[in-house]
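# A closer look at the structure
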Amino acid sequence: MTESNNMLEIKGLTIHYVTDDGVVRAVNDLNIAIGRGESIGLVGETGAGKTTTALGILKLVPNPPGKIIDGEIFLDGEDIIKKSEPEMRKIRGNKVSMIFQDPMTSLNPVMTVRDQIAEVILLHEKMPAAKALEKAEEMLMKVGIMPDRAKDYPHQFSGGMRQRVVIAIALACSPELLIADEPTTALDVTIQAQVLELMKNLKEEFNTSMIMITHDLGIVAEICDKVAVMYAGSVVEYADKLELFKNPKHPYTIGLFNSIPDIGNDVESLKPIKGLMPDPMNLPTGCPFHPRCDKAKPECSEKIPAGYDIGNNHIVKCILFNQ
Amino acid sequence: MHKYILKRLLMLIPVLIGVTFIIFTLSYITPGCPATMTLGETAPAEAIEALRQEWGLDDPFIIRFVRYVADAARLNLGETYATRRPVMEEILTRFPATLQLAVMGLFISVLLGIPLGVISATKQYSLFDNLATIFGLIFVSIPNFWLGMMLVVFFSVNLGWLPPSGFETPAQWILPAFTLGTGQMAVVMRMSRSSMLEVIRQDYIRTARAKGQKESVVVWNHALRNALIPVVTAVGLTFGFLLGGAVLTETIFSINGIGRFMVQSINSRDNPVINGGVLFLALSFSVVNLGVDILYAYLDPRIKSQYK
Ligand SMILES: Nc1ncnc2c1ncn2[C@@H]1O[C@H](COP(=O)(O)OP(=O)(O)O)[C@@H](O)[C@H]1O
Ligand SMILES: [Mg+2]
């Protein structure tokens, strides 16, 4: 199978939330590929469907209301959509693990941090409980927490420290793929840098492939090899990091770069994208970006554009690049 | 933690004095002369007056109250008006049955209510959940005495499976314990359900699933340990209802507990028995709630660090 060269390959992933008010089309025909040891930045505004995509990869989209409608997710060449729940349990926390957005709420308040790390080790590795506790303390050391804090509870730690514990849980079983969902959004700026540095080092130490979900292009510049820009549930532009930063093509990506404040520019030169991201319960026809796009043509509202490869493995989902 | 427990035990003293004061005031202001009721309306006035003197009924309220508290501190609760036997002794022979009944009711409400609530929550809006909701509402609304009588009619009179009264053999325990426990079981079930629904949506539950943990462990360990925290507090109050309910249940099933004893004593205005009984009920309620608070700290490390 050709897919087996990639760590992860997602084809045509579509995820809906069926609510009383209507169907939320959170992820729409999403395509993405991640090579072994590669890190990819998944960038997009709040509500673009980033978290839903991540939960989809673990098959943890809350159901109800969420449902994977269509698509294939090849992990190491095997389609996990077809896998049973017991098979998925062997993958979660082991081959693929996830760091969640809010460290203040993602740890169990009634368990010591050591027990929470040991839990994932015991689930996936055969060893006596005492050994797992020892390994949990080693993991704490790796993320910079002294073992004398091992028996403390989450409420005794700051946000940054808690996120380190979450990272220790995620990396405890040396996953091949790590999904980090805005791991630093909830942290203070100074702590953000520390946590990012830690993740970068550990990722290299464990040789993990990574999906870094963020809306911060600075983080992408620092950590990622590739970038996928997400808009209204699908990837609209995908390229190597340098290529994308130097040569953004999709009108949405260009708009995104123009709306970043920069020390060199003053605020007046910012050009925010006009309008708002569409409500995923009520997506426009055709290209979902066309109502906000300066370069929109009549046909943009008629057909959802395909992804066009413009060379250098740079893919743009915009009709302007259909040559 | 030890310091906290000691502090709580010391706090029992003012609580019990306060309870005594209230019940003492109530029996003081209730009309009717105990001496007359004991000797009968036709007894000679001198005999009644002599008895009033002996029981100190003509002393000022405050003196009687202080005398009672001082005696109670030495575990002397006075004599019953009716039999002239020590109240302490009379209560101690009856208290175990009441306590056993209340504890059995507590076990029924907790051991059935919590699992049923958890299952309801994990299968929200399923047939099971809807049936549990309906039966829960029914059990909460049915008065104890009516449920007790219906159970007797059905299981004792019609089917002849269980004895209709008494509390000596295990077969005799079943109907009273269920009569007492079902209402609170429904309360505990509803509370466990809503607490569980709240917890199951939390991020740390998602974290547990993302570790590859089995759903059963996610629910019965990760979620339940958190969901129990508010439920445990409610269970302490539940025990108060059960002690109160025991009074009625003992009457229905002719159980020789302090509830029934107190009801009889209220009819004959036997004040020392009423005071002593209330004191015992208040003491057991306080002790159970202290136990609940300790359990609470054990369940929630965030509380534990506050107990100093
Ligand atoms: N449990 C849910 N029920 C209904 N809608 C949801 C649920 N979770 C997310 N959504 C909706 O799906 C869309 C995508 O959300 P999400 O994946 O969280 O985006 P992002 O992580 O990029 O901010 C949003 O419109 C959000 O409101
Ligand atoms: Mg998100």
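Residues numbered from 1 in each chain as written. Chains lettered and ligands numbered in written order. Predicted model: local features only at pLDDT ≥ 70, side-chain atom pairs only at ≥ 80, totals over all residues. Heavy atoms only, no water.

### Describing the overall build of chain A
Across its full length, chain A holds 9 helices and 12 strands. In summary, chain A has a C-alpha radius of gyration of 20 Å against a globular reference of 20 Å for 323 residues, a match within 12%. With the C-alpha coordinates of chain A rotated into their principal frame, the extents come out at 65 × 50 × 40 Å. Here the analysis covers contacts within chain A between residues at least 6 apart in sequence; of these, 63% occur between residues at least 24 apart. (Helix = DSSP H or I, 4+ residues; strand = E, 2+ residues; numbered from the N terminus. Rg over C-alpha atoms; globule rule 2.2 N^0.38 Å. Contact = heavy atoms within 4.5 Å.)

### Remarks on helix H4 (residues 61-73) of chain B
Residue and element names in this part refer to chain B. Counted at 1.5 Å a residue, the expected span for H4 with its 13 residues is 18 Å, and the 18 Å between its end C-alpha atoms agrees. Residues of H4 that are buried include every one of Phe61, Arg64, Phe65, Tyr68 and Ala72, and no others. One face of H4 carries all of its buried residues, which in axial projection span an arc of 100°. Exposed side chains of H4 directed beyond 90 degrees from the buried face belong to Ile62 and Ala73. (Expected span 1.5 Å × (residues − 1). Buried < 20%, exposed > 50% of the residue type's maximum accessible area, 1.4 Å probe, protein only. Arc of directions from axis to C-beta.)

### Focus: helix H1 (residues 2-29) of chain B
All names here are of chain B. Under the 1.5 Å per step criterion, the end-to-end length of H1 is 41 Å for 28 residues, consistent within 8% with the ideal 40 Å. The complete set of buried residues in H1 reads Tyr4, Arg8, Leu12, Leu16, Thr20, Ile23, Phe24 and Ser27. The inward-facing, buried residues of H1 abut H4 and helix H12 (271-299).

### Digging into the site of ligand 1
All names here are of chain A. What surrounds ligand 1 is a group of 14 residues, the closest being Gly47, Lys50, Thr51, Thr52 and Pro280. Within the backbone of Lys50, an N or O atom sits 2.9 Å from an oxygen atom of ligand 1. Contact between ligand 1 and Thr52: an oxygen atom at 2.4 Å from a side-chain N or O atom of the residue. Protein contacts shield 69% of the accessible area of ligand 1, which totals 560 Å² for the unbound molecule. Mapped by element, the contributors of at least two residues to the shell around ligand 1 are strand S1 (6-19), strand S2 (22-35) and helix H1 (50-57). Of all the elements, H1 adds the most residues to the shell around ligand 1, at 3 residues. (Near = heavy atom within 4 Å. Polar contact = N/O pair within 3.5 Å; in protein donor to acceptor, adjacent residues only side chain to side chain. Areas by Shrake-Rupley, 256 points an atom, 1.4 Å probe, with all protein chains shown as cover.)

### A short note on the interface of chain A and chain B
If you look at the interface, chain A gives 24 residues, while chain B gives 18 residues. Buried area between chain A and chain B, summed over both chains or domains, comes out near 2,000 Å², and the portion from carbon and sulfur atoms is 59%. Run the count over chain A and chain B and you get 1 salt bridge. Among the salt bridges present, the one from Lys211 of chain B reaches Glu119 of chain A, with a minimum N-O distance of 2.6 Å. On the surface where chain A and chain B come into contact, there are 12 residue pairs in polar contact (both at pLDDT 80 or more). In terms of residue count, the dominant contributor to the side of chain A that touches chain B is helix H3 (residues 113-124) of chain A (5 residues). Across the side of chain A that touches chain B, the residue classes tally to 12 nonpolar, 8 polar and 4 charged. (Buried area = accessible area lost by both parts, 1.4 Å probe. Salt bridge = Lys/Arg side-chain N within 4 Å of Asp/Glu carboxyl O. Nonpolar A, V, L, I, M, F, W, Y, C, P; charged D, E, K, R; others polar.)

### Things to note about the sheet that holds S1 of chain A
Residue and element names in this part refer to chain A. Sheet architecture is open: 4 strands sit in the order S2-S1-S4-S5, paired in antiparallel fashion. Two strands bound the open sheet, and with one partner strand each, they are S2 and strand S5 (78-79). Summarising the sheet, S1 and S2 pair through 10 bridges and their orientation is antiparallel. Across the sheet, the residue bridging to Tyr17 is Val24, located in S2. (Pairing = 2+ DSSP bridges.)

### Focus on the pairing of strand S9 (residues 226-231) of chain A
The side chains of a regular strand alternate between both faces of the sheet. Residues and elements named next belong to chain A. With 6 of 6 residues buried, S9 is to be regarded as a mostly interior element. Bridging between strand S3 (residues 39-43) and S9 involves 4 bridges; their strand directions are parallel. Residue pairing across strands places Leu42 opposite Ala228, the latter belonging to S9. Bridging between S9 and strand S10 (residues 234-240) involves 6 bridges; their strand directions are antiparallel. Counterpart to Lys226 in the pairing with S10 is Asp240. Connecting S9 to the antiparallel partner S10 that follows it, the hairpin turn spans 2 residues, and Ala232 within it adopts a positive phi of roughly 45°.

### Focus on the nonpolar core
Core analysis: the largest hydrophobic core is formed by 94 residues, its most contacted members being Ile117 and Ile211 of chain A. Considering each element in turn, this core owes the most residues, 7 residues, to helix H5 (residues 159-171) of chain A. The contact partners of Ile211 of chain A, leaving out residues within four places of it in the chain, are Leu8, Ile34, Ile40, Leu42, Ile57, Leu177, Leu178, Ile179 and Ala180 of chain A. Grouped together as the second largest cluster of nonpolar side chains are 62 residues, Val110 of chain A together with Ala72, Ala208 and Val219 of chain B included. (Core = buried A, V, L, I, M, F, W, Y, C linked by side-chain atoms within 4.5 Å.)

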